[in-house]
Amino acid sequence: MLCSSLALANEVAVAPAVSPDGLPPLGETWLAENPYRGNPAALAIGRDAYNQACARCHGADASTNAAPAPDLRQLNRFCKRTSDAELNAACMRDNDAYFAKTVRNGKVIVGVTHMPPWQGVLKQELAWAIQVFFESRVTGRRE
Ligand code: HEC
């Protein structure tokens, strides 16, 4: 659906009206890794924040691969290929670094904003909670 991602060009990032209270606060400096995996509050908060801020491009409730922007459930697919715990941890560190960098900077390619930058708009608590949410969604079959 490349044509529809062009239609999304130059949109601005709007902060979701979701409070990160209930999550351990993280401050201003972005962490290198997601600190919230396994935290049920992160799952619920992340779902609300995802549906307000990300769903219009990445698909409602992170449950489709037919949205104009990439299916975020696939983001850590390479890490899932290994059963080696150490390799998996290293892969997930790279995955988290890529996630945080992409969210903060957006995706601006040859002057066209495919995704707006979220730095200064989306609190890192909400960003990591969003990642916890979409990682919890089952990918299984292709829709
Ligand atoms: C205005 C539409 C739009 C919104 C809103 C949006 N994104 Fe994106 N996002 C995109 C597009 C388009 C791409 C693919 C850009 C490219 O690589 O050309 C993308 C790519 C990404 C990627 C990289 C995916 C990959 O496979 O490399 C991540 C991570 C991401 N977005 C996270 C988010 C999160 C988290 C939110 C909500 C806070 C969000 N996005 C909101 C349009 C959007």
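Use the structure listed above.
A brief structural summary. The structure displayed is predicted, hence computed values, not measured ones. (Residues numbered from 1 in each chain as written. Predicted model: local features only at pLDDT ≥ 70, side-chain atom pairs only at ≥ 80, totals over all residues. Heavy atoms only, no water.)

Some points on the site of the ligand
Here is the rule: Here a residue counts as near a molecule or strand whenever at least one of its heavy atoms sits within 4 Å of it. We define a polar contact as two N or O atoms separated by no more than 3.5 Å, with the added condition that, inside protein, one atom must be a possible hydrogen donor and the other a possible acceptor, whereas residues neighbouring each other in sequence contribute only through side-chain atom pairs. Numbering goes from the N terminus for both helices and strands, where a helix is a DSSP run of H or I of at least four residues and a strand is a run of E of at least two. Amino acids are sorted into nonpolar (Ala, Val, Leu, Ile, Met, Phe, Trp, Tyr, Cys and Pro), charged (Asp, Glu, Lys and Arg) and polar (every other residue, Gly among them).
Near the ligand you find 21 residues, and of these Cys54, Cys57, His58, Tyr98 and Met115 are the closest. Measuring from an oxygen atom of the ligand, one finds a side-chain N or O atom of tyrosine 98 at 2.5 Å. Listing elements by their share of the shell around the ligand, those giving two or more residues are α3 (55–58), α5 (85–105), β1 (107–109) and β2 (112–115). For the shell around the ligand, the leading source of residues is α5, giving four residues. Per-class residue counts for the shell around the ligand are 15 nonpolar, three polar and three charged.

Brief notes about the pairing of β2
Convention followed: Any two strands with at least two DSSP-identified bridges between them are counted as paired.
Pairing of β1 with β2 involves three bridges; the strand directions are antiparallel. Bridge assignment links isoleucine 109 to a residue of β2, and that residue is valine 112. Linking two consecutive strands that pair antiparallel, namely β1 and β2, is a turn of two residues; a positive phi of about 35° is found at valine 110 within it.

Note that all results are geometric; they support no functional claim without further evidence.
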